[in-house]
Amino acid sequence: MKFKKLFAVILSAVFIFSLGGTALALDQMSIPNEIIDEQETNTSEPCEELRICYKAFTGVVKEIKDRENNEGSKMIFVENEEGAPAYVIISHDTYILENAEIKIGDTISAYYDTRKPMIMIYPPQYAAEVVVIESPDRNVKFDIFDENLTSSDNQLKLNISDETEIVFYDGTPYEGELAGKRLVVIYTISTKSIPAQTTPEKVIVLPDKIEDMVGYDVSSAEIIVEDKKIEAPPAYEKEGTVMVPLRAIAEALGYEVLWHNETQSVSLGQDIQLTIGKNEYIADKDIIKLERAPELCNEKTFVPLSFFRKVVKMNNAYLFEGQIVIDNNEVME
């Protein structure tokens, strides 16, 4: 009997050790990017609170070809330093820094949105929102930055100075808030802290969604709430922020919407309140600041599209291919 017990103990130890060795081996393996993306982005929480909003694939351009049935769109084949291949998809919506011409042999970084669906295929295909041709004379970072001007991946904090040039994507001066905006940051040196800190030479502010960059008329976008098109006042764009009608969308989500005339405020149910002209959205007693304060247009209350993701806590709230989509569907990468 003692021998059987001793044998069982030894067998258990061997089994545990084997699992540990397997885990170690898996940890040391090079996991394909598309698998990592699936693990990190299969979450219903918004990127600003839990995870990285944008990632970049950096590699040397090996081939450039036009995409079939997509005029002006290109497929670029690249390989990174480890030899891992990927395709970068560039459309007419992609922002290319300095409008540079991409050539074979260039090293590029293609930034893609981790919240958007991505085909599970090898080599992976990345729909680029921003493409940068790398240069040894500068550093470039694209991301959403919080109220402390720290990037969503906690890798870079901005210290804006009087010398920092801040412009909109079209080159015109930008004087609005930087927090919560999509920023292309150009800088030379940074500290070795975590996050690294830098005083950028230039900051380029991109609109909330890339459709606005090519003259897209957001007022023509259909509003789709939980997979159903709703009748609502048209959305509009203001200084790069997509503004959407509050009542129509909130009621489609099942909220009771009340207007308080004396205080010029609105409540959604018992937990969400906002006041016209005041950039303080209250949700469960927490105060949340967005790109813009709520405002009245034709006697209707409009809020930034991000309101439904950051305040109402919907999984998705985005403008894409002629539709404003708001729902709680899972984001499958």
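Per chain, residues are indexed from 1 in the order of the written sequence. Note on the predicted model: pLDDT of at least 70 is required for a residue's local features to be given, and 80 or more for side-chain atom pairs to be given and counted; whole-chain, interface and lining totals, by contrast, use all residues. Neither water nor hydrogens contribute to the side-chain values; these are computed over all heavy atoms in the structure.

Novice: Would you mind going over the pairing of strand S1 (residues 54-66) with me for this structure?
Specialist: Taken residue by residue, a regular strand's side chains alternate between the two faces of the sheet. A pair of strands is treated as paired once DSSP finds two or more bridges between them. Comment: elements are numbered from the N terminus, with helices defined as DSSP H or I runs of at least four residues and strands as E runs of at least two. Judged from the seven bridges that link them, S1 and strand S5 (residues 107-113) form a sheet pairing that is antiparallel. Bridge pairing in S5 links Thr58 to Ser109. Sheet topology places S1 next to strand S2 (residues 74-79); six bridges connect them, and they run antiparallel. Pairing of Val61 across the sheet is with Val78, part of S2.

Novice: Would you take a moment to explain the sheet that holds strand S10 (residues 165-168) for this structure?
Specialist: Backbone hydrogen bonds hold the strands of a sheet together, and the pairing may be parallel or antiparallel. Taken in spatial order, the four strands line up as S8-S11-S13-S10 in an open sheet, and their pairing is mixed. Each edge of the open sheet is held by one strand with a lone partner, namely strand S8 (139-144) and S10. For this sheet the average axis-to-axis angle between neighbouring strands, irrespective of direction, equals 20°. As defined by bridge partners, S10 adjoins strand S13 (residues 202-206) across four bridges and the pair is classed as parallel. Counted as the bridge partner of Ile166 is Val203 from S13. Orientation is described by lines fitted to C-alpha atoms, with helices fitted over the stretch in contact, and by angles between N-to-C directions that extend from 0 to 180 degrees.

Novice: Would you mind showing me how to read unusual backbone geometry here?
Specialist: Only a minority of non-glycine residues have a phi that is not negative, and only a minority of peptide bonds are not trans. Following Ile194, the chain continues into Pro195 via a peptide bond in cis, with omega recorded as -5°. Within the secondary structure layout, Pro195 lies in the loop between strand S11 (182-187) and strand S12 (196-198). The backbone of Gln264 sits at a positive phi, close to 50°, despite the residue not being glycine. Here Gln264 lies in the loop between strand S18 (257-260) and strand S19 (265-268). Residue classification places Gln264 among the partly exposed residues on the basis of a relative accessible area of 30%. Exposure classes here rest on a 1.4 Å probe applied to the protein chains alone. A residue is buried below 20% of its type maximum, exposed above 50%, and partly exposed in between.

Novice: It is not clear to me how the environment of Ser267 should be interpreted in this structure. Could you clarify?
Specialist: On the secondary structure map, Ser267 appears in strand S19. Residue Ser267 is classed as buried on the basis of its relative accessible area, which comes to 7%. Separated by 16 residues in the primary sequence, Ser267 and Ala283 have C-alpha atoms spaced 10.0 Å apart. Only heavy atoms enter the contact rule, under which two residues are in contact if any of them lie within 4.5 Å. Not counting the four nearest positions on each side in its chain, Ser267 is found in contact with Glu256, Val257, Leu258, His260, Ile272 and Gln273. Pairs of N or O atoms within 3.5 Å make up the polar contacts considered here, provided that, within protein, one atom can donate a hydrogen while the other can accept it, and that residues adjacent in sequence are counted only when both atoms are side-chain atoms. Here His260 takes part through its side chain, which lies 3.0 Å from a polar atom of the side chain of Ser267.

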